[in-house]
Amino acid sequence: MAEIRNYTLNFGPQHPAAHGVLRLVLELDGEVIERADPHIGLLHRATEKLAEHKTFLQSVPYMDRLDYVSMMCNEHAYCMAIEKLLQLSVPQRAQYIRVMFDEITRILNHLLWLGAHALDIGAMTVFLYAFREREDLMDVYEAVSGARMHAAYYRPGGVYRDLPERMPRYSAQHSRSAATLAEMNANRQGSVLDFIEDFTERFPRYVDEYETLLTDNRIWKQRTVGIGVLDPERAKALGCTGPMLRGSGVAWDLRKHQPYAAYADMDFEIPVGRNGDCYDRYLVRMEEMRQSNRIVRQCVAWLKENPGPVITDNHKVAPPSREAMKTNMEELIHHFKLFTEGMHVPEGEAYAAVEHPKGEFGIYLVSDGANKPYRLKIRAPGFAHLAAMDEMARGHMIADAVAIIGTMDIVFGEIDR
Amino acid sequence: MPLTPEALLARLREAIGEDLVKAVLALGEVTLEVAPENWLATCTRLRDQAGLSFDTLIDLCGVDYSAYREDSWEGRRFAVVIHLLSVKRNHRVRLRTFCADDDLPLVDSLVNVWPAANWFEREAFDLYGIVFAGHPDLRRLLTDYGFIGHPFRKDFPLSGHVEMRYDPDMRRVIYQPVTVEPREVTPRILREKNYGDTDVENGRG
């Protein structure tokens, strides 16, 4: 009898289903995975070390570039850690704006995840639909911060500016008739909040569309049901959080159990799965999008009623208004000191975590009282999930590796940091 | 209902007993310090004790304290910090241990307590050179294949030691000493205690 030897296969780092720069070394027995060894770090930029050499404010844009599909949630955790050390209170309107954008970000993230995951498993159409809705949400990002992705909108003490009164509109072009232009701008006549409200009215129908394409789709079910099963105790031991844990039936959500910002006032449900396989995690994320939509609606209603400041008036942390800076000597000094030397954060250590779309995203900050962090540790949810890859992939077929990578919703910006 | 931090601290004191070196309650977070020889036993106890049941290791990281407050640090240099979460009981704790030897920082691995520790320990080894005894596969994780040094140590320059470029003569990518100068735009400033007697809370200088 011929000697049977295991076969080693390199998957990535340029494979489209590897979601970025994952090099996966698969040890195969025929088509069955015996061992999966992910090699990461190809996108390692040493964000944590860079942050030690920057002032607290200068590191905010780095946070966007960690998980670059859920930008504002990363900023939220970072700002919360600083605010905790400073023992700074954030105005309530800023809290609601943060909650609203956290949920918009969650929808953005899940839409990209859904499109990419379906594409990996062979369903092309969902990707195109998902990007249609992402476009509207990116416009909202752009309207408040000027950037479609890397917003740097959350600042320690609040958010950089209030929501604009006017939603930007499409302009006339040669290729657009007046009727087309009027149609494109139909829901952009009011403020940004009106546009978001209009989106939340449309969005549940869109989710129904995706579900029509996938939920009862026979091919989709064949590729996801019973794949990558995690039992709840094992999921906890492996450090899984977020939809990875909820898919296994553990109703754990930081927004409910350790509420931060304005989540205590929000009315929403935590969807949980039953079997802990890829299909259940898909269902959990679909339901999360509906729940996020509900939260956004509550925030819009509140924000329309309650004007107020959106950033703290402590000018050691947040800059004074332009007008005050130009007319008042003390404010000028504050402005100058804040943007050159930066703020000093009291000595101590703090850990702040948010329910990021992918799981628990935490910032552990050690300050020695200087104008720069002494140590910043980013706890990325995808890191723990990818570490569980070996265990989840064992015994599956090689094609299932793609489904498992997809279901973990990994983004290398946060895993490699 | 989750425990208050005070009640949690009392329960932790009871569970760890003699082995506890230091316990701090600040900003609503409980921080404990244990000696490296009790590291593994303490962690196992925190996981298994019914009233605590820390079932998830959220984070494990290394810290290099050598430059803390302008090099005035007198304790040992390397620490391992873990953040634990109990999903079952909804509470958190932070645990720290200082490695006994600055030249060969060594601490027991927690892989057998929480499998999640595997990659976190590889990362701490890679970036700080902390060795985890009993780890099944202590390879570098984030840095390049064949990387030399531990880049997150405070004595490792931000710009590194080597850079990479393509050499047209040798027709391959080569390493050479860095050509960039380390540049610091904003210096690190540490103010003395009670500087200017500022009232930071109310923003009055």
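Our structure is the block above this text.
All figures in this text were calculated on a predicted structure; none of them were measured in a lab. (Residues numbered from 1 in each chain as written. Chains lettered and ligands numbered in written order. Predicted model: local features only at pLDDT ≥ 70, side-chain atom pairs only at ≥ 80, totals over all residues. Heavy atoms only, no water.)

Engineer: I'm lost on the overall build of chain A in this one. Help?
Structural biologist: When helices and strands are counted, chain A shows 18 helices and eight strands. Computed over C-alpha atoms, the radius of gyration of chain A comes to 23 Å, within 12% of the 22 Å expected from 2.2 N^0.38 for 417 residues, which places it in the range of a compact globule. In terms of its C-alpha atoms, chain A occupies a principal-axis envelope of roughly 90 × 60 × 40 Å. Residues classed as buried in chain A amount to 60% of the 417 residues present. For chain A, restricting intrachain contacts to residue pairs at least 6 apart in sequence, the fraction spanning at least 24 positions comes to 69%. Just so you have it, chain A exposes about 15500 Å², and 53% of that area is on carbon and sulfur atoms. (Helix = DSSP H or I, 4+ residues; strand = E, 2+ residues; numbered from the N terminus. Rg over C-alpha atoms; globule rule 2.2 N^0.38 Å. Buried < 20%, exposed > 50% of the residue type's maximum accessible area, 1.4 Å probe, protein only. Contact = heavy atoms within 4.5 Å. Areas by Shrake-Rupley, 256 points an atom, 1.4 Å probe, with all protein chains shown as cover.)

Engineer: Even after reading the chapter, I still don't get the nonpolar core, so can you show me in this structure?
Structural biologist: One recurring pattern in soluble globular proteins: nonpolar side chains tend to sit buried together. Ranked by size, the top nonpolar core spans 174 residues in total, and within it Ile40, Met100, Phe101, Tyr153, Leu386 and Met389 of chain A together with Ile82 of chain B carry the most contacts. Per-element tally for this core: the top contributor is helix 4 (residues 92-121) of chain A, with 13 residues. Apart from the residues lying within four places of it in its own chain, the contact partners of Ile82 of chain B are Trp39, Cys43, Leu57, Asp59, Leu60, Val93, Arg94, Leu95, Leu110 and Trp114 of chain B. (Core = buried A, V, L, I, M, F, W, Y, C linked by side-chain atoms within 4.5 Å.)

Engineer: Any chance you could explain the packing of helix 3 (residues 71-86) of chain A against helix 4 of chain A here in plain terms?
Structural biologist: When two helices pack together, their arrangement is given by the angle between the helix axes and by the axis-to-axis distance. All names here are of chain A. Here helix 3 crosses helix 4 at 145 degrees, and the two axes come no closer than 8 Å. Residues Met71, Met72, Cys73, His76, Cys79 and Glu83 of helix 3 pack against Arg98, Phe101, Asp102 and Thr105 of helix 4. Residue composition of the contact of helix 3 with helix 4, by class: five nonpolar, two polar and three charged. (Axes fitted to C-alpha atoms, helices over the stretch in contact; angles between N-to-C directions. Nonpolar A, V, L, I, M, F, W, Y, C, P; charged D, E, K, R; others polar.)

Engineer: Looking at this model, I keep getting lost on the interface of chain A and chain B. Mind explaining?
Structural biologist: Interface size is commonly expressed as the accessible surface area that is lost when the partners come together. Counting residues at the interface gives 63 residues for chain A and 59 residues for chain B. Linking chain A with chain B are 13 salt bridges. Salt-bridge contacts for Arg417 of chain A lead to Glu123 of chain B; the nearest nitrogen and oxygen are separated by 2.9 Å. Along the contact surface separating chain A from chain B lie 38 residue pairs in polar contact (both at pLDDT 80 or more). Considering only residue class, the side of chain A that touches chain B consists of 24 nonpolar, 18 polar and 21 charged. (Salt bridge = Lys/Arg side-chain N within 4 Å of Asp/Glu carboxyl O. Polar contact = N/O pair within 3.5 Å; in protein donor to acceptor, adjacent residues only side chain to side chain.)

Engineer: What am I meant to see in the packing of aromatic side chains here?
Structural biologist: Inspection of every chain in the model, using the stated rule, returns 21 aromatic pairs over all chains. Their ring planes at 75 degrees and their centres at 5.3 Å tell us that Tyr68 of chain B and Trp73 of chain B sit as a pair that is edge-to-face. Trp73 of chain B gets classed as partly exposed once you look at its relative accessible area, which sits at 30%. Ring centres 6.2 Å apart and planes at 35 degrees place the aromatic pair Phe147 of chain B and Phe156 of chain B in the tilted group. We classify Phe147 of chain B as partly exposed; its relative accessible area is 25%. In this structure an aromatic cluster arises from ring pairing among Tyr374 of chain A together with Tyr65, Tyr68, Trp73 and Phe98 of chain B. (Phe/Tyr/Trp six-rings, centres within 6.5 Å; stacked < 30°, edge-to-face > 60°.)

Engineer: Where do I start with the state of the cysteines in this structure?
Structural biologist: Two cysteines, two sulfur atoms, one covalent bond between them: this is a disulfide. Residue and element names in this part refer to chain A. For the coordinates displayed, the defined rule picks out zero disulfides over all chains. Here Cys79 is not cross-linked by a disulfide; its sulfur's nearest cysteine counterpart is in Cys73, at 12 Å. You can call Cys79 buried: its relative accessible area is 0%. Of all cysteine sulfurs, the one in Cys73 lies closest to Cys299, which takes part in no disulfide; the gap is 12 Å. (Disulfide = S-S within 2.5 Å.)

Engineer: Please explain the sheet that holds strand 1 (residues 20-26) of chain B as it appears in this structure.
Structural biologist: Residue and element names in this part refer to chain B. Across the sheet, which stays open at both edges, the five strands sit in the order 1-2-5-4-3 with mixed pairing between neighbours. Of all the strands in the sheet, the pair left with one neighbour each is strand 1 and strand 3 (56-64). Taken pair by pair, the neighbouring strands of this sheet meet at an average axis angle of 20 degrees, ignoring direction. Where strand 2 (residues 29-34) lies against strand 5 (residues 91-98), three bridges are found, and the strand directions are parallel. Directly across from Thr31, in strand 5, lies its bridge partner Arg94. Helix 1 (residues 5-16) rests against strand 1, strand 2 and strand 5 of the sheet, and its axis sits at about 20 degrees to strand 2. (Pairing = 2+ DSSP bridges.)

Engineer: Just checking my understanding: could you explain the pairing of strand 8 (residues 162-167) of chain B for this structure?
Structural biologist: Taken residue by residue, a regular strand's side chains alternate between the two faces of the sheet. All names here are of chain B. Strand direction decides the pairing type here: strand 8 and strand 9 (residues 172-177), joined by six bridges, are antiparallel. Note that in strand 9 the partner of Val162 across the bridge is Pro177. Counting the residues in the hairpin turn of strand 8 and strand 9 gives four residues, including Arg171, whose phi is positive at 60 degrees.

Engineer: Honestly, the packing of helix 4 of chain A against helix 7 (residues 192-214) of chain A in this entry has me stumped. Any pointers?
Structural biologist: Residues and elements named next belong to chain A. Orientation of helix 4 relative to helix 7, taken along the N-to-C sense of each, is 25 degrees, at an axis distance of 13 Å. Comparing their axes, helix 7 and helix 4 come out roughly parallel. Taken as a pair, helix 4 and helix 7 cross one another with a handedness that is left-handed. On helix 7, the residues touching Met100, Ile104, Ile107, Leu111, Leu114 and Ala118 of helix 4 are Leu193, Ile196, Phe203, Tyr210 and Leu214. Class assignment of the residues belonging to the contact of helix 4 with helix 7 gives a composition of 11 nonpolar, no polar and no charged. (Parallel < 35°, antiparallel > 145°, perpendicular 65-115°, else oblique. Left-handed = near helix turned anticlockwise from the far one by under 90°.)

Engineer: It is not clear to me how the pairing of strand 3 of chain B should be interpreted in this structure. Could you clarify?
Structural biologist: All names here are of chain B. Burial within strand 3 is extensive, with nine of its nine residues counted as buried. With eight bridges joining them, strand 3 and strand 4 (residues 78-86) adopt antiparallel strand pairing. Directly across from Cys61, in strand 4, lies its bridge partner Val81.

Engineer: Help me out: how do you make sense of helix 1 of chain B in this one?
Structural biologist: Residues spaced three or four apart along an α-helix face the same direction, because each turn holds 3.6 residues. Residue and element names in this part refer to chain B. Between its first and last C-alpha, helix 1 extends 16 Å over 12 residues, near the 16 Å set by a 1.5 Å rise per residue. When we look at burial in helix 1, the residues that qualify are Leu8, Leu9, Leu12, Ala15 and Ile16. Each buried residue of helix 1 lies within a common arc of 125 degrees when the element is viewed along its axis, so the set occupies one face. On the buried face of helix 1, the contacting elements are strand 1, strand 2, helix 2 (39-48) and strand 5. A positive backbone phi angle near 60 degrees is found at Gly17, which sits one or two residues after helix 1. (Expected span 1.5 Å × (residues − 1). Arc of directions from axis to C-beta.)

So far we have only geometry, and geometry alone does not tell us how the molecule works.
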